[in-house]
Amino acid sequence: MVQLGLGLHVRNTLVACASEGARYAANADRTPDDGVARTRQCIRASLRASYAESVTAVVLDIDGTPTVEVTIRAPLPVVAYVGPSEALVVHGHALQEGR
């Protein structure tokens, strides 16, 4: 039960950090690289640094609307914080402000 709780905590934290990074990158004066840095900062403040190793951000065109997508690939905690690398994938999205 404790391990399931840890897994959900890690996933929810990563989703929140990806969303925060996407919102930050979507600001008119920011870039996707700024969103990656913000996401990594958020992850390192909440979880082990190894969870912040694979973070990417891109600007997508979704139905004519520029949208920032931040993707995190992290280990799935199976035993304590140890598990298969990049098995857990989460995304955060935000509408990009006009530039």
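Residues numbered from 1 in each chain as written. Predicted model: local features only at pLDDT ≥ 70, side-chain atom pairs only at ≥ 80, totals over all residues. Heavy atoms only, no water.

S.K.: Explain unusual backbone geometry here, please?
M.R.: Trans peptide bonds make up most of the peptide bonds, and negative phi angles are found at most residues other than glycine. In this model, Asp 63 sits at a positive phi of 50 degrees, which is unusual for a non-glycine residue. Along the chain, Asp 63 falls in the loop between strand E1 (54-62) and strand E2 (65-74). (Helix = DSSP H or I, 4+ residues; strand = E, 2+ residues; numbered from the N terminus.)

S.K.: Would you mind showing me how to read the sheet that holds E2 here?
M.R.: In a beta sheet, neighbouring strands are held together by backbone hydrogen bonds and run either parallel or antiparallel to one another. The antiparallel open sheet is built from three strands, whose spatial order is E1-E2-E3. Each edge of the open sheet is held by one strand with a lone partner, namely E1 and strand E3 (88-95). The average angle at which neighbouring strand axes cross in this sheet is 20 degrees, direction not considered. In this structure, E2 lies alongside E3, joined through eight bridges in antiparallel fashion. (Pairing = 2+ DSSP bridges. Axes fitted to C-alpha atoms, helices over the stretch in contact; angles between N-to-C directions.)

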